[in-house]
Amino acid sequence: MLLKSKFKLATAVGIILSMLSLLVHLFLANYSAGGISKYSVDNVLPFGSKPRPRRLWGPLSTLDHLHPYAKPRQLYPAPAKDNGFIYAKIYGGFEKIQSSICDLVAVARLLNATLVIPEIQATTRARGISSNFKSFSYLYDEEHFIAALSDDVPIVRGLPKDLREARKKIKFPTVSPKNTATSDYYTTDVLPRLVKSKVLGIIVNGGKCLQSILPASLEELQRLRCRVAFHALKFRPEIRSLGSQIVGRLRASGRPYLAYHPGLLRDTLAFHGCAELFQDIHTELIQYRRNQMIKRGTVKEQLTVDSVSIKKNGSCPLMPEEVGLLLQALGYPSTTIIYLAGSETFGGQRILIPLRAMYANLVDRTSLCSQRELSDLAGPESPLSSDLPHPPPPKSEKELIEEWKKAGPRPRPLPPPPARPFYAHEKEGWYGWIGENDTEPDPSPIEFRRQAHRLLWDALDYFVSVQADAFFPGFHNDGSGWPDYSSLIMGHRLYQTPSGITYRPDRKTVATLFENVSDHLYHPPRNWTMAARQHLNNSARIEGIKMSATMSKPASFLAHPLPECSCRTAKSPVVQPVKDKHGALLFGGEEDCPDWMVRTLALVPTKNNEPQSEDYEGELPEDDPSQDTQQESDRSDTNKSEQDEEMDPDD
């Protein structure tokens with residue numbers, strides 16, 4: 001009994017001594033480190049309020065002298081007389097609608113005409129969409145549009161009753177101008193017809209009806225375009241409200257977010273011949289659309305082209321996998337919040353898997369909004385009867401083999417076996433007609449409604465992308481002459497916040513970079529990362545704006561609204577102006593901001609109150625072992641949370 005008591009006492013003394021020893025060691029360790037450190041939950045969680053690197057999130061000090069200023073600066077009287085009414089029909093997606101409306105207002109001002117609210121054909125052709133909105137009001141705030149342009153162009157909601165009846169009987173002439181229509185075309189060819197008939201219709205198919213760069217004498221028309229695009233064309237309140245909620249949810253964690261538009265559209269891929277970027281049925285779909293463009297004369301080339309050479313030339317969009325590698329090269333950590341914009345991503349979610357593996361916080365409107373919020377945005381809609389076709393009669397094995405032999409040189413998917421029922425996705429999507437027929441069926445009523453819905457989703461994503469802390473385009477400046485979605489966002493950001501981070505990658509340069517590192521794509525050498533980072537950083541600065549100006553502005557003024565729609569403050573750095581081949585300014589030479597605006601800017605606090613780290617180049621060092629050792633030593637002395645702020649892809 002006594003032996004057991006002594007054993008227990010010895011055990012207790014041993015435990016106490018061990019605890020004392022542990023406490024002494026902890027005290028000495030903390031003391032030698034400079035004091036007892038407090039553990040922060042922010043070191044573990046991927047979100048939290050932290051200083052954000054200026055190189056990744058801005059603002060850029062080299063561009064903070066530019067400010068939006070689109071008000072008239074010369075003699076700009078109201079139209080003296082009214083030559084008649086102009087009504088318009090706009091065909092195409094969101095980017096074509098946005099660009100066409102701006103051109104139509106400028107044309108109405110040029111012709112001294114009253115503009116009837118343009119008709120958006122994607123909504124008028126749809127059946128059963130909400131009766132709360134009609135055509136133009138499906139996207140935009142009509143009241144604000146009319147009031148904001150009251151000093152520029154008289155705008156009405158519709159023709160007078162007597163003229164409306166005459167229009168139904170097709171008594172008025174219509175014109176369908178080219179994308180590059182000049183101001184002389186309207187004053188010499190269109191104006192006499194308008195004066196004679198008092199009503200004229202304009203059909204806009206290509207997204208533009210007026211040339212991008214106007215003569216210097218029409219500089220005020222350029223500024224009018226900016227006032228229309230960036231001030232008068234305000235989305236209806238429901239879109240703005242939900243867009244603001246999405247921005248708030250993206251920033252609720254205290255971190256900035258990057259918006260990314262893939263630019264993977266079926267029409268774009270077909271126009272440039274990028275079919276071989278995909279496989280199987282997707283290649284078939286792109287080639288079918290390209291064949292349609294060849295028959296209409298939109299494409300002058302052959303049906304089959306070498307997609308590899310086209311991609312090397314920079315004419316194909318960047319794949320999401322490539323965008324993820326470029327963002328890693330820039331230093332964006334894997335916890336970066338990326339907002340996926342655009343209502344169409346050809347290839348679906350499957351093609352986004354590599355990017356989602358690199359950046360888990362890849363979100364879109366469907367993951368940030370409930371289905372109820374999205375349906376409320378579309379408004380109350382009458383139900384449509386199911387348009388699923390009846391299953392075709394069963395086919396014998398011999399018939400199926402014969403169809404396969406006649407399918408053509410490219411691999412084509414076999415239709416489902418006769419014994420298996422047809423599933424919904426095979427009839428609602430592409431698989432139904434591509435497996436059964438050689439011709440794409442006409443759009444069904446539900447497909448027309450989906451096209452109208454895509455306008456809403458594009459408008460919502462446009463709002464969120466303009467407000468983003470950084471923007472990365474997967475495809476812009478495509479050279480087709482059509483306005484593209486990413487370029488409009490980039491132009492809006494250049495006008496509204498020129499010092500914000502907006503990347504303008506040269507896809508030809510990027511293709512060369514990836515070709516040089518194809519053998520070790522996911523573990524590129526340090527010099528490759530330096531080259532990629534330098535190119536992308538330059539693309540967000542003045543160098544990138546100059547390069548983009550020579551490509552963007554001749555195709556779309558809204559993609560590069562400088563220098564007409566901006567002014568500079570006194571602290572403006574010396575910038576060599578960039579001119580086109582005709583001597584028109586593309587960048588530089590902005591006028592000084594008026595005194596009242598300078599005083600107002602001096603009173604406005606900094607937009608971003610979050611703590612910013614120093615503005616540094618952040619270039620990767622050369623391959624020097626001594627530098628690597630010093631970097632590791634420095635890295636071990638800093639707080640581990642700093643590694644979450646900017647990722648070094650070479651670690």
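About the thresholds
- Residues numbered from 1 in each chain as written.
- Predicted model: local features only at pLDDT ≥ 70, side-chain atom pairs only at ≥ 80, totals over all residues.
- Heavy atoms only, no water.
- UniProt positions renumbered as here; feature names shortened; annotations may be inferred.
- Helix = DSSP H or I, 4+ residues; strand = E, 2+ residues; numbered from the N terminus.
- Buried < 20%, exposed > 50% of the residue type's maximum accessible area, 1.4 Å probe, protein only.
- Contact = heavy atoms within 4.5 Å.
- Areas by Shrake-Rupley, 256 points an atom, 1.4 Å probe, with all protein chains shown as cover.
- Pairing = 2+ DSSP bridges.
- Axes fitted to C-alpha atoms, helices over the stretch in contact; angles between N-to-C directions.
- Parallel < 35°, antiparallel > 145°, perpendicular 65-115°, else oblique.
- Left-handed = near helix turned anticlockwise from the far one by under 90°.
- Nonpolar A, V, L, I, M, F, W, Y, C, P; charged D, E, K, R; others polar.
- Salt bridge = Lys/Arg side-chain N within 4 Å of Asp/Glu carboxyl O.
- Patch = residues over 30% accessible without salt bridge, like charges linked within 9 Å, V, L, I, M, F, W, Y side chains within 5 Å.

- As annotated in an unreviewed UniProt entry, the protein carries the name O-fucosyltransferase family protein and comes from Aegilops tauschii subsp. strangulata.
- As recorded by UniProt, the Pathway (unreviewed entry) comment attached to the protein reads in full: "Glycan metabolism."

1. A few points about the overall build of the protein
Logical step 1: Counting secondary structure elements, the protein contains 27 helices and 16 strands.
Logical step 2: Across the 651 residues that make up the protein, the buried fraction comes to 48%.
Logical step 3: By sequence separation, contacts in the protein at least 24 residues apart represent 80% of the contacts at least 6 residues apart.
Logical step 4: Carbon and sulfur atoms make up 56% of the accessible area of the protein, which totals about 32,700 Å².

2. Focus: the sheet that holds strand β16 (residues 591-592)
Logical step 1: Ordered by their spatial adjacency, three strands build an open sheet running β1-β13-β16, and the pairing between neighbours is mixed. Both edges of this open sheet fall to β1 (66-68) and β16, since each of them pairs with a single strand only.
Logical step 2: Bridge count between β1 and strand β13 (residues 566-568): three bridges; the pairing is antiparallel. Paired with L66 across the strands is R568, a residue of β13.

3. Examining the environment of T529
Logical step 1: Along the chain, T529 turns up in helix α23 (residues 526-539).
Logical step 2: Take T529: its relative accessible area is 1%, and that puts it in the buried class.
Logical step 3: Along the chain, T529 and Q328 lie 201 residues apart, while their C-alpha atoms are 8.9 Å from each other.

4. Digging into the packing of helix α3 (residues 94-110) against helix α8 (residues 219-232)
Logical step 1: Where α3 meets α8, the closest approach of the two axes is 9 Å, and the angle between their N-to-C directions is 135°. Taken together, the axes of α3 and α8 lie oblique to each other. For the pair α3 and α8, the sense of crossing is right-handed. Contacts between α3 and α8 involve Q98, I101, C102, D103, V105, A106, R109 and L110 from the first element and L221, L224, R225, V228 and A229 from the second.
Logical step 2: Considering only residue class, the contact of α3 with α8 consists of nine nonpolar, one polar and three charged.

5. Overview of the pattern of salt bridges
Logical step 1: Enumeration according to the criterion identifies 22 salt bridges in this entry.
Logical step 2: Here R167 makes a salt bridge to E119, at a shortest N to O gap of 3.0 Å. Residue R167 is found in helix α6 (residues 161-168), and its partner E119 is found in strand β4 (residues 119-120); the two are separated by 48 residues along the sequence.
Logical step 3: One salt bridge in this structure joins K553 and E564, with 2.9 Å as the shortest N-O distance. Separated by eleven residues along the polypeptide, K553 in the loop between α24 (542-552) and β13 and E564 in the loop between α24 and β13 bring together distant segments of the chain. The same class applies to K553 and to E564, which are both buried.

6. Thoughts on the sheet that holds strand β10 (residues 362-363)
One key point about sheets: their strands pair by backbone hydrogen bonds, in either a parallel or an antiparallel sense.
Logical step 1: Read across the open sheet, the five strands follow the order β10-β9-β8-β11-β12; overall the sheet is parallel. Only two strands of the sheet have a single partner each, and these edge strands are β10 and β12 (501-502).
Logical step 2: Here strand β8 (residues 257-261) runs beside strand β11 (residues 470-473); their pairing, made up of four bridges, is parallel. Residue pairing across strands places A259 opposite F471, the latter belonging to β11.
Logical step 3: Packed on one face of the sheet, helix α20 (residues 445-466) meets β8, β9 (337-340) and β11 and runs near 150° to β9.

7. Observations concerning the packing of helix α9 (residues 237-250) against α20
Logical step 1: Relative to each other, α9 and α20 sit at 50°, their axes nearing to 9 Å. Judged by the inter-axis angle, α9 sits oblique to α20. Read as a crossing pair, α9 and α20 show a hand that is right-handed. Of the residues in α20, those in contact with I239, R240, L242, G243, S244, I246, V247 and L250 of α9 are L456, A459, L460, F463 and V464.
Logical step 2: Of the residues contributing to the contact of α9 with α20, the split by class is ten nonpolar, two polar and one charged.

8. Structural notes on unusual backbone geometry
A negative phi angle characterises most non-glycine residues, just as the trans form characterises most peptide bonds.
Logical step 1: In this model, L562 is joined to P563 through a cis peptide bond whose omega is 0°.
Logical step 2: Summarising the element assignment, P563 is placed in the loop between α24 and β13.
Logical step 3: Unusually for a residue other than glycine, S135 sits at a positive phi of about 50°.
Logical step 4: Along the chain, the position of S135 falls in the loop between α4 (121-124) and α5 (142-148).
Logical step 5: A residue is classified by how much of its surface remains accessible, and S135, at 16% relative accessible area, is buried.

9. Details of the side chain of S548
Logical step 1: Topologically, S548 is positioned in helix α24.
Logical step 2: Owing to a relative accessible area of 5%, S548 belongs among the buried residues under this scheme.
Logical step 3: Contact partners of S548, with chain neighbours within four places excluded, come to N477, R504 and K553.

10. Comments concerning a nonpolar patch on the surface
Logical step 1: Together, L9, V13, I16, L17 and L20 give the surface a local cluster of nonpolar side chains, amounting to about 490 Å² of exposed area.
Logical step 2: Along the polypeptide, L20 turns up in helix α1 (residues 2-32).
Logical step 3: Look at L20 and you get partly exposed, because its relative accessible area is 48%.

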